[in-house]
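Breakdown of the fold
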Amino acid sequence: MGFTNHFDARGKSVIVAGGSKGLGQELALQLVARGADVTVLARSLPSLKETKRLMEQHLLVPGQTVDCQSLDLTDKAAVVEYISSLDEPPWALVCVAGGTAEEIGFLADISPDAISSCMTKNYVSSAYIAQAVLKRWVTPTSEQKSNRVDSRHLVFTASTAALVSVPGYAAYAPTKAAIRSLADILRQEVLMYQSVPPIKVHCSFPGTIYTESFFQEQQAKPHLCKQIEGTLDDKGGMTAKEVARLTLQGLDRGQFFITPDFQTRLLLNNMRGPSPQ
Ligand SMILES: NC(=O)C1=CN([C@@H]2O[C@H](COP(=O)(O)OP(=O)(O)OC[C@H]3O[C@@H](n4cnc5c(N)ncnc54)[C@H](OP(=O)(O)O)[C@@H]3O)[C@@H](O)[C@H]2O)C=CC1
Ligand SMILES: CCCCCCCCCCCCCCCC(=O)[C@@H](N)CO
């Protein structure tokens, strides 16, 4: 029995939305190392340029290309304009932008603005670009109609916080539950488009990742939140490299629901209940 790789990125174009730092940057580098043509999107130019430089060091095959583009994923007009400007839509879109460094805290302690900004930076930043890419995928060009094109992939990044409700993540956890809900709905909607190559939807649920944002978030995180999630003394996490590797492994296996760590897999199964998969 052979192993089928459900996510063979070699020679394919991939957009990593939120790919200039942390988990997104690691995903971009590992995708380049697998031979994909990767474009990373983020707002700040210096980290985009640095990521492009790092990507160039991971190139695998002759002719492979890497690129970066400054884009605010929460600006719907800019997102639509950028995706419309592409000659071809990407083979895969990986949505990673988000975090909660500025909005961490109990609901009674944070500002009303934290509620909306957290939803915008996590949910809206993924939903706009996912919609723009989907619209292009479901409008096939004549070229795509005649050539068989491999399945396309839409990858969302939620969090363990979407599955377990930890005080301190009042602004953040609902945004990740929203991403999970969007992924669940899209997984069904894409089944309607039988005239185009199949679209596969995936959603990953990482636990703590040691990124710049995580350490920033730790500064303002309530002690109780750290106790429950196991991040006292900044412990209890995984490196972005490891989480990226396990995320790609989940995609290789064709998983819809990707859980990089064991605890999150237990939580997922607890939530799913004893019903068969
Ligand atoms: N770190 C952790 O412990 C965990 C993180 N996650 C999730 O993983 C994802 C990545 O987290 P992490 O690596 O820590 O995040 P980082 O803050 O390190 O990186 C976020 C990336 O997204 C970009 N970005 C943010 N906002 C926008 C925007 N409006 N438009 C375009 N790009 C944007 C940033 O670049 P720029 O600011 O220049 O735009 C950066 O490249 C997030 O969705 C987070 O919620 C899930 C579980 C745990
Ligand atoms: C059977 C298993 C028992 C499980 C016990 C409950 C454990 C709760 C773990 C919650 C971890 C939440 C991490 C979210 C990190 C995140 O998304 C932010 N840091 C983003 O920046």
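Preceding this section is the structure that the text describes.
Residues numbered from 1 in each chain as written. Chains lettered and ligands numbered in written order. Predicted model: local features only at pLDDT ≥ 70, side-chain atom pairs only at ≥ 80, totals over all residues. Heavy atoms only, no water.

Notes on the pattern of salt bridges
Pairs may arise between side chains of opposite charge once their charged atoms sit close together. Applying the stated rule across the entire model yields 10 salt bridges. Glutamate 50 is the salt-bridge partner of arginine 53, the closest N and O atoms lying 3.0 Å from each other. Taken as a pair, arginine 53 and glutamate 50 lie in helix H2 (residues 45-56) at a separation of three residues, close to a single helical turn. A salt bridge links aspartate 67 to lysine 52, with the nearest nitrogen and oxygen atoms 3.9 Å apart. Note that aspartate 67 is positioned in strand S3 (residues 66-70) and lysine 52 in helix H2, a separation of 15 residues in sequence. It is possible to trace a salt-bridge network through shared partners that takes in Glu102, Glu103 and Lys121. (Salt bridge = Lys/Arg side-chain N within 4 Å of Asp/Glu carboxyl O. Helix = DSSP H or I, 4+ residues; strand = E, 2+ residues; numbered from the N terminus.)

Thoughts on the site of ligand 1
Taken together, 30 residues sit near ligand 1, with Ser20, Arg43, Tyr172, Thr211 and Ser213 positioned nearest. In the model, an oxygen atom of ligand 1 is placed 2.7 Å from a nitrogen or oxygen of the tyrosine 172 side chain. At a separation of 2.6 Å, an oxygen atom of ligand 1 approaches a polar side-chain atom of threonine 211. Summarising the interface, the protein chains cover 93% of the accessible area of ligand 1, which totals 880 Å² for the free molecule. Of the residues belonging to the shell around ligand 1, the class tally is 11 nonpolar, 15 polar and four charged. (Near = heavy atom within 4 Å. Polar contact = N/O pair within 3.5 Å; in protein donor to acceptor, adjacent residues only side chain to side chain. Areas by Shrake-Rupley, 256 points an atom, 1.4 Å probe, with all protein chains shown as cover. Nonpolar A, V, L, I, M, F, W, Y, C, P; charged D, E, K, R; others polar.)

A word on the site of ligand 2
Near ligand 2 the following residues occur: Ser159, Thr160, Ala161, Val164, Val166, Tyr169, Tyr172, Glu217, Glu229, Gln263 and Leu266. Serine 159 is positioned with one of its side-chain polar atoms (N or O) 2.6 Å from an oxygen atom of ligand 2. Between an oxygen atom of ligand 2 and a side-chain N or O atom of glutamate 217, the distance comes to 2.5 Å. Considering ligand 2 on its own, with 600 Å² of exposed area, one finds that the protein chains cover 77% of that surface. In terms of residue class, the shell around ligand 2 is built from six nonpolar, three polar and two charged.

Section: the nonpolar core
If you look at the biggest cluster of nonpolar residues, it comprises 36 residues, and the most contacted ones within it are Leu41, Ile83, Leu93, Ile129 and Phe156. Secondary-structure elements contributing two or more residues to this core are strand S1 (13-17), helix H3 (76-85), strand S4 (92-95), helix H4 (112-137), strand S5 (152-157), helix H6 (173-189) and strand S6 (199-204). Ranked by the residues each element gives to this core, the list is headed by H4, at seven residues. Among residues more than four places away in sequence, those in contact with leucine 93 are Ile15, Ala17, Ile129, Ala130, Val133, Trp137, His153, Leu154 and Val155. (Core = buried A, V, L, I, M, F, W, Y, C linked by side-chain atoms within 4.5 Å. Buried < 20%, exposed > 50% of the residue type's maximum accessible area, 1.4 Å probe, protein only. Contact = heavy atoms within 4.5 Å.)

Focus on the sheet that holds S3
One open sheet holds the seven strands; their spatial order is S3-S2-S1-S4-S5-S6-S7, and the pairing between them is parallel. Unpaired on one side and paired on the other, S3 and strand S7 (257-258) mark the two borders of the sheet. Here two bridges tie S6 to S7, and the two strands are oriented parallel to one another. By the bridge assignment for S7, cysteine 203 is matched with phenylalanine 257. Lying over the sheet, H2 contacts strand S2 (37-42) and S3, oriented at roughly 175° with respect to S3. (Pairing = 2+ DSSP bridges. Axes fitted to C-alpha atoms, helices over the stretch in contact; angles between N-to-C directions.)

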